[in-house]
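Fold and geometry: a report
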Amino acid sequence: MPHKIVDASKQYNSLEEDIPTIKIHTMMGIRRALVYSIAEKENLTVVSCGTKSELHAGLFCMNNLLGEILPISHLYKTQVYQLAESLAAHGLLPEGMANKPSHCGITGEPNDEDVMGMHFEEFDTICYLLENKGYSPSKTAKTLGKATSQIENIKEQIELHKRMIEFPSVKT
């Protein structure tokens, strides 16, 4: 599968070390500008790789939704890993990409699972039970052997992040 990896680390590292948010936002802007410049020059479409899990966990910003299409935004991260493993088994992904830890690509460390405090398998299962099976937080907690308060916090987080990416209605 043809792809390009754009390294903007030179620009990132040249920013002031003591202003981390400026560095992160600047890096996101540089990445967005580079990606769209390359796409325009080569007549390509920019495709977002944001997943449902990342959206629910808040591991996104509007730059992660960068792209004209979001083909995997309805998939949980564990489903994306399964898809990647299948593609890799058929030689359709570069070596090592299917098992690459998920992270924002801006700061490098930590990876997304470290930020969440749990593995995607666990997070995705919780989200699936709450959203797709209609389980209550207490039923989900009992099913998975977790504290109800932990599941309630995740449910609140999901609802918060859903609202963050919804477009406001426009009244005419």
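Heads up: the structure comes first, above all this text.
None of the values given here were measured: they were computed from a predicted structure.

**Things to note about helix α4 (residues 77-89)**
- With 13 residues, α4 should reach 18 Å at 1.5 Å per residue; the first-to-last C-alpha distance of 18 Å fits that figure.
- Those residues of α4 that are buried are in contact with α3 (52-57) and α6 (120-131).
- With its phi angle positive at about 75°, Gly91 sits one or two positions after the end of α4.

**Things to note about the nonpolar core**
- Counting residues in each nonpolar core, the largest one holds 15 residues, and the members touching the most others are Met116, Met118, Phe123, Ile126 and Ile154.
- Those elements that place two or more of their residues in this core are α6 and α8 (148-165).
- Considering each element in turn, this core owes the most residues, 5 residues, to α6.
- Setting aside residues no more than four positions away along its own chain, Ile126 makes contact with Met118, Thr140, Leu144, Ile151 and Ile154.

**Topic: the pattern of salt bridges**
- One pass over the structure, following the stated rule, counts 3 salt bridges.
- For the salt bridge of Lys52 with Glu131, the shortest nitrogen-to-oxygen distance reads 3.7 Å. Of the two residues, Lys52 sits in helix α3 while Glu131 sits in helix α6, which places them 79 residues apart along the sequence.
- Exposure remark for Glu131: the relative accessible area of 26% places this residue in the partly exposed category.
- The shortest N-O distance in the salt bridge between Glu54 and Lys77 comes to 2.8 Å. With a gap of 23 residues between them, Glu54 in helix α3 and Lys77 in helix α4 connect regions that are remote in the sequence. The residues Glu54 and Lys77 share a single accessibility class, namely buried.

Conventions and cut-offs
- Residues numbered from 1 in each chain as written.
- Predicted model: local features only at pLDDT ≥ 70, side-chain atom pairs only at ≥ 80, totals over all residues.
- Heavy atoms only, no water.
- Helix = DSSP H or I, 4+ residues; strand = E, 2+ residues; numbered from the N terminus.
- Expected span 1.5 Å × (residues − 1).
- Contact = heavy atoms within 4.5 Å.
- Core = buried A, V, L, I, M, F, W, Y, C linked by side-chain atoms within 4.5 Å.
- Buried < 20%, exposed > 50% of the residue type's maximum accessible area, 1.4 Å probe, protein only.
- Salt bridge = Lys/Arg side-chain N within 4 Å of Asp/Glu carboxyl O.

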